[in-house]
Amino acid sequence: MKKEFVVIGLGRFGGSIVSELIELGADVMAIDISPVKVDKYANIATQAVAADTTDEAVLHSLGIRNFEHVIVAIGENIQASILTTLMLKEIGVPKITVKAQNAYHEKVLEKIGADFVVHPERDMGIRIANNMVSNNILDYLDLSDEHSIAELKVNEFLAGHTIIKLDVRAKYGINIVAIKRQNEIIVSPQADEVIEEGDILIVIGSDTDIHIFEKKLFH
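Residues numbered from 1 in each chain as written. Predicted model: local features only at pLDDT ≥ 70, side-chain atom pairs only at ≥ 80, totals over all residues. Heavy atoms only, no water.

Our next topic: the nonpolar core. Counting residues in hydrophobic clusters, the biggest one holds 25 residues, and the most contacted among them are Val6, Met29, Ile31, Ile64, Val70 and Leu88. Looking at this core, the elements with two or more residues in it are strand 1 (4-8), strand 2 (27-32), strand 4 (69-72), helix 4 (78-90), strand 5 (95-99) and helix 5 (103-111). Per element, the largest residue contribution to this core is four residues, and it comes from helix 4. Discounting residues that sit within four places of it in the chain, Val70 has contacts with Val6, Ile8, Ile64, Leu88, Val93, Lys95, Ile96 and Thr97. (Core = buried A, V, L, I, M, F, W, Y, C linked by side-chain atoms within 4.5 Å. Buried < 20%, exposed > 50% of the residue type's maximum accessible area, 1.4 Å probe, protein only. Helix = DSSP H or I, 4+ residues; strand = E, 2+ residues; numbered from the N terminus. Contact = heavy atoms within 4.5 Å.)

So, in structure tokens, the structure goes:
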């Protein structure tokens, strides 16, 4: 059975979610208050509707409560984002993900019951900044205010060592959760796995510990 989603707000963020969900085989109802934006996704989404989602009667008429997951991707209008989220909670939508504009917006969304709050611009900024600061951090994904997943390219210093010899958990407080090796991904590598030059280590830990590890072994 196909998963069914609603995406409210068809700016760049919401529009990209619609396109990707459709690509992944999901059914998607795409909603925006602007008919022009809706027309853009009429031939992409399963259903595209121009509607004001701050109106509870409109949400009921669209049958939103029957959908498993609603993504509120409304852009600049924080009030509309908050009101829409509140209405969705009141009509009983099981799972709600909302795009936040700032920390204040996030706090309000959490208080009114949003299940997931995302900061695409902030998160992308963090990833770009970390990639620019270090030549060895290939990618950086924020998990919380203090913890992240990072991809680190193995250099000649690390190559030839086993996981157990590096002992990064004891020395640096981080965990190697996977190794990318050409077209292969080694998940939960064994302690005797030998790291090869060109491997990419996927590590998880606090931001501080990841940076200490990166500076100690890559400089």
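Here the focus is helix 5. Taken residue by residue, helix 5 has His105, Val108 and Leu109 as its buried positions. Relative to the axis of helix 5, the buried residues are bounded by an arc of 100° and lie together on one face. For helix 5, the exposed residues lying more than 90 degrees away from the buried face are Tyr104, Lys107 and Lys111. Buried residues along helix 5 sit against helix 4, strand 5 and strand 6 (116-118). The backbone nitrogen of Tyr104 lies 3.2 Å from a side-chain oxygen of the residue at the head of helix 5, namely Asn102. Looking one or two residues beyond helix 5, the residue adopting positive phi is Gly113, at roughly 105°. (Arc of directions from axis to C-beta. Polar contact = N/O pair within 3.5 Å; in protein donor to acceptor, adjacent residues only side chain to side chain.)

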